[in-house]
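Take a look at the letters that make up each chain.
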Amino acid sequence: ALFDIQNSNYACKSNCTSDICKTNYYIIQSHHDYCFYHELSELVTSVYHDYQPKCMDCHIHRKNNPDIYTCPVPDCSDEKSSIQAYNFLILNQCKSDCSKNGCAYNFRTLRSVYDGCSGDSMNKLIKLGVNTYSDYCHAEDCNVDHGSGYDANMLKCGFNGKSGAMLFAIIFTVSIVGIILIGTVIFMTRGRQQRNQEQKKAANFEAGQQVPTENALA
């Protein structure tokens, strides 16, 4: 995936909408978002941040780390507080030291919303804040409590709050409907062509029958 997305033949950095660009970016992003910071190579992190502004994100929960904090309970309806937390990280230069001046608290505020709320209603600045500061604030990160039914090892990267399995089901259904529609159009077109050919043959046959009769009368 790292090799393919950087292949100049695919031009993913200028246009990340092709299937091969999207697929390889999702592979890279899912590893970046799911795995612990120390498990990732610098190349994965670097390539992810290079292509993240150009490619559409999917959403995958991070696996739980027993050695870090528990995130505050997210208020998914309070978008303003999350954006203020992102602005705090910028204004206080939290990239240089995420443990100072409330940087850790504000990053955890972003993390709790990013991991704990649906992507449908999430402001882009919240996603940008987490993606920008997750590497700098990894030592101050936290786990989101997703409830008793949550499987922390479920490796699915979804869109707009939908799981990868649901996305596959949607794509599969749309594909089947498309195939049926195309097949119907082809069937109707061939049937129309066949009827036209039969009508043409019938007309030629009638014309052939009439010519000798007229010649005989002449």
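Peer 1: Go over the state of the cysteines with me, naming the residues and quoting the values.
Peer 2: For the coordinates displayed, the defined rule picks out six disulfides. A sulfur-sulfur distance of 2.0 Å marks the disulfide that ties Cys 98 to Cys 137. Residues Cys 98 and Cys 137 are joined through a disulfide that is right-handed, its torsion about the S-S bond being 95 degrees. Taken together, the residues span a long stretch of sequence, with Cys 98 in the loop between α4 (79-91) and α5 (103-116) and Cys 137 in the loop between α6 (124-133) and β2 (142-143) at a distance of 39 residues. For the residue pair Cys 98 and Cys 137, the accessibility class agrees, reading buried in each case.

Peer 1: Could you give me a rundown of the packing of aromatic side chains, with the residues and numbers involved?
Peer 2: Counted by the stated rule, this structure contains four aromatic pairs. The structure contains a cluster of three or more aromatic residues connected by ring pairs, namely Tyr 25, Tyr 26 and Tyr 48. Directly above the ring of Tyr 51 sits Lys 13, whose terminal nitrogen or CZ lies 5.6 Å from the centroid. Of note, Arg 108 hangs over the ring of Tyr 69, and the distance from its end group to the ring centre comes to 3.7 Å.

Peer 1: Before we move on, could you go through unusual backbone geometry and cite the residues and values that matter?
Peer 2: Positive phi values are uncommon outside glycine, yet Ala 11 reaches one of about 50 degrees. Among the structural elements, Ala 11 can be located in the loop between α1 (2-5) and α2 (19-34). Judged by relative accessible area, Ala 11 falls into the partly exposed class, the value being 34%. For Asn 101, which is not glycine, the phi dihedral falls at a positive 50 degrees. Residue class for Asn 101 comes out exposed when judged on its relative accessible area of 54%.

Peer 1: Go over helix α3 (residues 42-51) with me, naming the residues and quoting the values.
Peer 2: Listed as buried for α3 are Val 44, Thr 45, Val 47, Tyr 48 and Tyr 51. Contact partners of the buried residues in α3: α1, α2 and α6.

Peer 1: Quick one: what's the story with the nonpolar core, residue by residue and with numbers?
Peer 2: Within the largest apolar cluster, 17 residues are counted, with the highest numbers of intra-cluster contacts made by Ile 5, Tyr 25, Ile 28 and Tyr 51. Elements with a minimum of two residues in this core: α2 and α3. Here this core gets five residues from one element, more than from any other, and that element is α2. The contact partners of Ile 5, leaving out residues within four places of it in the chain, are Cys 12, Cys 21, Asn 24, Tyr 25, Ile 28, Val 47 and Tyr 51. Tyr 86, Leu 110, Met 122 and Cys 137 belong to the second largest nonpolar core, which has 16 residues in total.

Parameters at a glance
Residues numbered from 1 in each chain as written. Predicted model: local features only at pLDDT ≥ 70, side-chain atom pairs only at ≥ 80, totals over all residues. Heavy atoms only, no water. Disulfide = S-S within 2.5 Å. Helix = DSSP H or I, 4+ residues; strand = E, 2+ residues; numbered from the N terminus. Buried < 20%, exposed > 50% of the residue type's maximum accessible area, 1.4 Å probe, protein only. Phe/Tyr/Trp six-rings, centres within 6.5 Å; stacked < 30°, edge-to-face > 60°. Lys NZ or Arg CZ within 6 Å of the ring centre and 35° of its normal. Contact = heavy atoms within 4.5 Å. Core = buried A, V, L, I, M, F, W, Y, C linked by side-chain atoms within 4.5 Å.

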